[in-house]
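Residue-level structure breakdown
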Amino acid sequence: MEKRNLSFDALKGIAAFLVVVGHICMGLMQMNNEVILHDIIYSFHMPLFIFVTGFFLPKALNRIERISEAISFLRDKAVRLLIPLMFIPTLYFYVTNGSWDNYIKILVGPHWFTYVLFSLYVWVLTCYLIGRKVIGLYNKRIKYADISVLVLSAFILHGISSYAYSINSYYSNGLLLYKIRSLYPFLLLGYAMGNYDSLNRVLLNKSLRWIYLSSYILMTLVHRFYGGGTWIDFIRGASAVLLLYNIILLWTPSRGRTRMIYEGLSYMGRISLPIYFVHYFFLPKDIWLLPVCKYLSGCGEYIRFMLQIIISVGLGGIVLIPTIIAVQLSRTNRYLRMLLYGESC
């Protein structure tokens, strides 16, 4: 059996923690408080999840030879991603809204990620199979044919979603087309890194860390003062993702505290999807954070920024404690494990 790469689990663990911290930040945005940390986190935390998914996608796609295997692949992903979407979000939606009216809000509500991830699987698999059929991806004379087809599919997806929005923006938003098209390039970035060792070796280099960091800072400033855009948002997110990828993959933690942190992040990464679903039930209500927001609104910009980091990270760690306990307890029952997280025993 192939040994599990803990570095990728650690990357997912970082992303899972940032999801929790990002939602704490949203509660601190009351009283018109600007939370810069929120903007920073939301520029790359979900792209990081998608990047890791894309990294392991080439092996999965290369094993698919027939339509029946493609259907089996999507069936497994549907069980893993869509069955949980029918239970935890439904309960959460009912608790927060008091009814199941306008059920489509579940998709544009907090638990949107698994639906979007499944949609990305459907699109990339469809384009991959069509491309392989039309131009023959197994033809060794066609260099980089697979990634060329998939890059083309990104532009096609953008065109389809733009046309859909021009027809009916309400249902296009309900189907989260804007999220699907914005996250798809990060799936392809991960795919390229996972499929081409030469590219991976070039980009996985300590000397490039300052370039990634400088690029992220530059794109953040452009986004802040001039607004975002498709390419600006992608370069910004990709710079942060590659920086974290570079740091974690080349990190060799020794014994002691650093090893504990590494193993803790890896553990969170292995249960990142259950954490994503369950943590919403333990987030502090906005009204509980209102006194904090009132205090922060009277602070200077630098002090407010530092306090927002301390409060968000601290509360995020507190929220994780009951979240992980609830996840572990519910996963001991095989039926709950299947219904809530799509995990087979």
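Residues numbered from 1 in each chain as written. Predicted model: local features only at pLDDT ≥ 70, side-chain atom pairs only at ≥ 80, totals over all residues. Heavy atoms only, no water.

**Points about a nonpolar patch on the surface**
Together, Val-151, Phe-155, Trp-231 and Ile-235 make up a nonpolar patch on the protein surface, roughly 420 Å² of accessible area in all. Breaking the nonpolar patch down by element, the ones donating at least two residues are helix H9 (145-167) and helix H14 (230-249). You can see Ile-235 is positioned in helix H14. (Patch = residues over 30% accessible without salt bridge, like charges linked within 9 Å, V, L, I, M, F, W, Y side chains within 5 Å. Areas by Shrake-Rupley, 256 points an atom, 1.4 Å probe, with all protein chains shown as cover. Salt bridge = Lys/Arg side-chain N within 4 Å of Asp/Glu carboxyl O. Helix = DSSP H or I, 4+ residues; strand = E, 2+ residues; numbered from the N terminus.)

**A look at the environment of Ser-312**
Looking at the secondary structure, you find Ser-312 in helix H18 (residues 301-331). Between the C-alpha atom of Ser-312 and that of Lys-294, which follows or precedes it by 18 residues, the distance is 15 Å. Each residue touching Ser-312, except ones within four places of it in the same chain, is listed here: Val-21, Ile-24, Cys-25, Leu-28 and Leu-37. (Contact = heavy atoms within 4.5 Å.)

**Topic: the side chain of Gln-308**
With respect to the helices and strands, the residue Gln-308 is situated in helix H18. Using a relative accessible area of 2% as the deciding quantity, one classes Gln-308 as buried. In this structure, Gln-308 is in contact with Leu-28, Asn-33, Glu-34, Val-35, Ile-36, Leu-37 and Leu-296, ignoring residues within four places of it in sequence. (Buried < 20%, exposed > 50% of the residue type's maximum accessible area, 1.4 Å probe, protein only.)

**Describing the packing of helix H8 (residues 113-135) against helix H11 (residues 177-195)**
When two helices pack together, their arrangement is given by the angle between the helix axes and by the axis-to-axis distance. Interhelical geometry of H8 versus H11 gives an angle of 60° and a closest axis separation of 10 Å. In terms of their interaxial angle, H8 and H11 are classed as oblique. You can see that H8 and H11 cross each other, and the crossing is right-handed. Between H8 and H11, the residues in contact are Tyr-115, Val-116, Ser-119, Leu-120, Trp-123, Val-124 and Tyr-128 and Lys-179, Ile-180, Leu-183, Tyr-184, Leu-187 and Tyr-191, respectively. Split by residue class, the contact of H8 with H11 holds 11 nonpolar, one polar and one charged. (Axes fitted to C-alpha atoms, helices over the stretch in contact; angles between N-to-C directions. Parallel < 35°, antiparallel > 145°, perpendicular 65-115°, else oblique. Left-handed = near helix turned anticlockwise from the far one by under 90°. Nonpolar A, V, L, I, M, F, W, Y, C, P; charged D, E, K, R; others polar.)

**With respect to the confidence of the model for the protein**
Considering every residue of the protein, the mean pLDDT works out to 88; 93% of them sit at 70 or more. Taken element by element, the protein is modelled with least confidence in helix H7 (residues 105-108), mean pLDDT 56, and with most confidence in helix H3 (residues 45-55), mean pLDDT 96. (pLDDT = per-residue confidence, 0-100.)

**Observations regarding H18**
Given a rise of 1.5 Å per residue, 31 residues ought to cover 45 Å, and the 43 Å separating the end C-alpha atoms of H18 matches this to within 8%. Those residues of H18 that fall on the buried side of the exposure criterion are Arg-304, Gln-308, Ser-312, Gly-316, Val-319, Leu-320, Thr-323, Ile-324, Val-327, Ser-330 and Arg-331. Looking at the buried residues of H18, the elements they touch are helix H1 (6-27), helix H2 (36-42), helix H15 (257-270), helix H16 (272-278), helix H17 (286-297) and helix H19 (334-341). (Expected span 1.5 Å × (residues − 1).)

**Remarks on the pattern of salt bridges**
Applying the stated criterion across every chain yields a total of seven salt bridges. A salt bridge links Glu-34 to Arg-224, with the nearest nitrogen and oxygen atoms 2.7 Å apart. Taken together, the positions of Glu-34 in the loop between H1 and H2 and Arg-224 in helix H13 (residues 209-226) put the pair 190 residues apart, joining distant regions of the chain. Classification of Arg-224 by relative accessible area gives partly exposed; the value is 44%. Linked through salt bridges whose partners overlap, the residues forming this network are Arg-80, Arg-331, Arg-337 and Glu-343.

**Quick look at the packing of aromatic side chains**
Applying the stated criterion across every chain, the model contains 16 aromatic pairs. When the ring of Phe-55 is compared with that of Phe-56, the centres are 5.5 Å apart and the planes differ by 70°; the resulting orientation is edge-to-face. Using a relative accessible area of 15% as the deciding quantity, one classes Phe-55 as buried. Residue classification places Phe-56 among the partly exposed residues on the basis of a relative accessible area of 40%. (Phe/Tyr/Trp six-rings, centres within 6.5 Å; stacked < 30°, edge-to-face > 60°.)

**A closer look at the packing of H1 against H3**
Running from N to C, H1 and H3 point in directions that differ by 155°, and their axes come no closer than 8 Å. Here H3 runs roughly antiparallel to H1, going by the angle between their axes. Relative to H3, H1 is oriented so that their crossing is left-handed. Contacts from Phe-8, Leu-11, Lys-12, Ile-14, Ala-15, Ala-16, Leu-18 and Val-19 in H1 reach His-45, Met-46, Leu-48, Phe-49, Val-52 and Phe-55 in H3. Its residues placed into classes, the contact of H1 with H3 shows 12 nonpolar, one polar and one charged.

**A few points about the side chain of Glu-343**
Tracing the chain through its elements places Glu-343 in the segment after H19. Residue classification places Glu-343 among the buried positions, given a relative accessible area of 8%. Within polar-contact distance, the side chain of Glu-343 engages the side chain of Arg-337 at 2.8 Å. Residues within four places of Glu-343 in sequence aside, it is in contact with Arg-80, Pro-274, Arg-331, Arg-337 and Met-338. (Polar contact = N/O pair within 3.5 Å; in protein donor to acceptor, adjacent residues only side chain to side chain.)

**Comments concerning H11**
Note: α-helices contain 3.6 residues per turn, so residues at a spacing of three or four share the same orientation. Across its 19 residues, H11 extends 26 Å between first and last C-alpha, which sits within 8% of the 27 Å expected from 1.5 Å per residue. Considering bend angle alone, the principal kink of H11 is centred on Leu-183 and spans about 30°; proline Pro-185 follows within four residues of it. (Bend = angle between axes of the 7 residues up to and from the residue.)

**Points about the environment of Gly-264**
The residue Gly-264 is located in helix H15 in this model. The exposure class of Gly-264 is partly exposed, given its relative accessible area of 29%. Each C-alpha atom, one on Gly-264 and one on Ile-14, is 9.9 Å from the other, the two residues being 250 residues apart in sequence.

**Describing unusual backbone geometry**
Residues other than glycine seldom take positive phi values, yet Leu-176 does so here, at roughly 60°. Residue classification places Leu-176 among the buried positions, given a relative accessible area of 0%.

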